[in-house]
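Chain residues, written in single-letter form:
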Amino acid sequence: MARNRMPKVKVNEMEEHYAQFEIHDTDCSVANALRRVMIAEVVTMAVDLVTFEENTSVLNDEIIAHRLGLIPLKYQYREGETRLRDDIRTTLSSERDIQRRFRFTRECDCDEYCQWCAVKLTLGVAFDERAKHRPEREKDLPLVVTSNDLISEDNDVRPVHFETDAEADDSVDQGITIVKLAKGQELRFTAIAKLGIGKEHSKWSPVSKCVFRPQPHVHLDDDAISKLPPALRDLIIQACPAGVLGYNDDDAPPENRKLVVKNDAAILDFVDDVKTLTQRLSPTGKSMISAFASDTNFIFDIESVGSIPVDDLVLCAIYELKRKLLDLQLAVNDLKDDDDDD
Amino acid sequence: MNAPERHKAYLLEDDEARVEYAKDQKIPNAGLFTIYKEDHTIGNLVRMQLLRDSDVRFAGYKLPHPLEHRCLVKVQTTGAKPKEVFLRSISDLHSEFDYLDRYFREEVLRFKEAT
């Protein structure tokens, strides 16, 4: 009885903030569990408590506190420098996992917060103070306070300003805008960042996009299509929105061009239209395309907000699922046997 | 304010067990697992894995109410103990994710070396 599966992975694209990969030979429920955990149950750090000392900006304290919560904080393991927790029970996860460094505040034995469960960030910006160092022609312009002005007291955790260096080069700002200050205004606070998960508040969710779709299996009847005159082949392409179907080589002479699927993600939505059309065009009334969604292969698209690189994110999600299953297994094992005599 | 506390959705209460099991009083070889503080993530995963087992005659799950954080999984087998079948499914899933974990690491490494 072959109950368990051996899923395969194929990485199509992988950058720090974006990944597309395929999982083969598994089930929709596994793909969906992975997706759900990545969105709502991977542990990250976010600002949770803010104490304002001075706020004469146009935004009130609550709005600024909310904006601070949404700034991604990145934990970076530094070889030889980061002091990991010594009370951790397992070494199964990678040391890049934030939980090897920090505890949840509720599980920590400190009174309020400490270096093992929280990170303190401070910010102090006064318009008049900064104006002294600004160029003469910019002196009266509003001062943009960004995530770059947040100073983290822990070297392992820092705010994420931009996704990529290219984005940083393009931007006129130094980071994520918190508030703009005018003449005479000042902002000073300390913020406490804590561990949490997306189920508590979406500021702890590490992804901005996390979707999967079944891999489409498309079969085009090349013989039948090549017998059609070029004008009719163009008609088939036009049955779908631009970019879904196309030719393999646009420069080749029309009779040598092959019809191919250009957008795997969209073809399933239009396959019925193409089917009906090709049935009408065909002398035998047979359709020239068949496409169906795979039950076992899935394509994931993931975008990280910057708090965790995507490859670590997927591993954290798998680890979290394994933890859940183990927890459940132990709990079922512990169930009393009294009414189980059938 | 009377908004429910968010952590109640994923943290067990002090005196709460993760799982309760109740044997079905009318149907032979059937039982109901109540998994506390879990949702579709685990419910659907376990149900689909149970259905792959040839000893399982019926497997279904539901979340009775969006504000009650528990997940019910009902299992009927062809003769085996529901508890054993349930454990089997969980360990199968665990080894599947183990495999996925290793394969993903290797594949990412291979991809990074290639680029």
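Per an unreviewed UniProt entry, chain B goes by the name DNA-directed RNA polymerase RBP11-like dimerisation domain-containing protein and belongs to Chrysophaeum taylorii. UniProt's Subcellular location (unreviewed entry) comment on chain B is quoted here verbatim: "Nucleus".

Looking up chain A in an unreviewed UniProt entry gives the name DNA-directed RNA polymerase RpoA/D/Rpb3-type domain-containing protein, with the organism given as Chrysophaeum taylorii. UniProt's Sequence similarities (unreviewed entry) comment on chain A is quoted here verbatim: "Belongs to the archaeal Rpo3/eukaryotic RPB3 RNA polymerase subunit family."

*Asks:* I'd like a description of the overall build of chain A, backed by residues and values.
*Replies:* Broken down by element type, chain A carries 8 helices and 14 strands. Among the 342 residues that make up chain A, the fraction classed as buried is 47%. By sequence separation, contacts in chain A at least 24 residues apart represent 69% of the contacts at least 6 residues apart.

*Asks:* If you had to explain the overall build of chain B to someone new, which residues and values would you point to?
*Replies:* Within chain B one finds 2 helices and 4 strands. In chain B, the succession of α and β elements from N to C terminus is β-β-α-β-β-α. Taking the principal axes of its C-alpha atoms as reference, chain B extends roughly 60 × 50 × 20 Å. Across the 115 residues in chain B, those meeting the buried criterion constitute 45%. Sequence-distant contacts in chain B: of pairs separated by 6 or more residues, those separated by 24 or more amount to 54%. Only carbon and sulfur atoms are counted for the fraction: they give 50% of the accessible area of chain B, which is about 6300 Å². Taking the average location of the 19 positive side-chain charges in chain B and that of its 20 negative ones, the two points are 5 Å from each other.

*Asks:* With reference to specific residues and values, describe the sheet that holds strand β10 (residues 186-196) of chain A.
*Replies:* All names here are of chain A. Across the sheet, 4 strands lie side by side as β3-β10-β5-β7; this open sheet has antiparallel pairing. Looking at which strands have only one partner, the edges of the open sheet turn out to be β3 (44-55) and β7 (151-152). Pairing of strand β5 (residues 118-126) with β7, which is carried by 2 bridges, proceeds in the antiparallel orientation. Bridge pairing links L121 to S152 in β7. Seen against the sheet, helix α2 (residues 61-69) touches β3 and β10 and runs at an angle of roughly 150° to β3.

*Asks:* Describe the pattern of salt bridges, naming the residues involved and giving the relevant values.
*Replies:* Counted by the stated rule, this structure contains 39 salt bridges over all chains. Measuring nitrogen to oxygen at the nearest pair gives 2.9 Å for the salt bridge that ties E96(B) to R5(A). Of this pair, E96(B) sits in helix α2 (residues 82-114) while R5(A) sits in the segment before β1 (8-14), on two different chains. We note that E96(B), like R5(A), is buried.

*Asks:* Lay out the UniProt feature "domain: DNA-directed RNA polymerase RBP11-like dimerisation" (unreviewed entry) in chain B with the relevant residues and their values.
*Replies:* Sequence positions flagged by UniProt for "domain: DNA-directed RNA polymerase RBP11-like dimerisation" (unreviewed entry) are, in local numbering, residues 33-100 of chain B. For residues 33-100 of chain B, helix accounts for 46% and strand for 28%, while the C-alpha atoms at its two ends are 27 Å apart.

*Asks:* I'd love a proper account of the layout of surface pockets, names of residues and values included.
*Replies:* The method is simple in principle: a probe with the dimensions of a water molecule rolls over the atoms, and the space it marks as empty is what remains. Within this model, the second largest pocket holds a volume of roughly 330 Å³. Partitioned by chemical class, the residues of the lining of the second largest pocket number 5 nonpolar, 3 polar and 9 charged.

*Asks:* Break down a negative patch on the surface for me, with residues and values.
*Replies:* All names here are of chain A. Together, E163, D165, E167, D169 and D170 give the surface a local cluster of negative charge. Secondary-structure assignment places D170 in helix α4 (residues 165-170). Judged by relative accessible area, which is 69%, D170 ranks as exposed.

*Asks:* Go over empty space enclosed by the protein with me, naming the residues and quoting the values.
*Replies:* Enumeration over the complete set of coordinates arrives at 2 cavities of 30 Å³ or more. Looking at the second largest cavity, the residues that line it are E41(A), V42(A), V43(A), D97(A), Q99(A), C316(A), Y319(A) and E320(A).

*Asks:* Residues and numbers for the side chain of S205(A), please.
*Replies:* Residues and elements named next belong to chain A. As for its placement among the helices and strands, S205 is situated in the loop between β10 and β11 (207-220). A relative accessible area of 11% places S205 in the buried class. Excluding its chain neighbours within four sequence positions, the residues that come into contact with S205 are I39, T44, G198 and V305.

Reading the values: the criteria
Residues numbered from 1 in each chain as written. Chains lettered and ligands numbered in written order. Predicted model: local features only at pLDDT ≥ 70, side-chain atom pairs only at ≥ 80, totals over all residues. Heavy atoms only, no water. UniProt positions renumbered as here; feature names shortened; annotations may be inferred. Helix = DSSP H or I, 4+ residues; strand = E, 2+ residues; numbered from the N terminus. Buried < 20%, exposed > 50% of the residue type's maximum accessible area, 1.4 Å probe, protein only. Contact = heavy atoms within 4.5 Å. Areas by Shrake-Rupley, 256 points an atom, 1.4 Å probe, with all protein chains shown as cover. Lys, Arg positive; Asp, Glu negative; His and termini not counted. Charge placed at Lys NZ, Arg CZ, Asp CG, Glu CD. Pairing = 2+ DSSP bridges. Axes fitted to C-alpha atoms, helices over the stretch in contact; angles between N-to-C directions. Salt bridge = Lys/Arg side-chain N within 4 Å of Asp/Glu carboxyl O. 1 Å grid on protein atoms, 1.4 Å probe; cavity = no way out; pocket = protein on both sides within 12 Å on 5 of 7 lines; lining within 4 Å. Points joined across faces, edges and corners; volume = space filled by probe spheres on them. Nonpolar A, V, L, I, M, F, W, Y, C, P; charged D, E, K, R; others polar. Patch = residues over 30% accessible without salt bridge, like charges linked within 9 Å, V, L, I, M, F, W, Y side chains within 5 Å.

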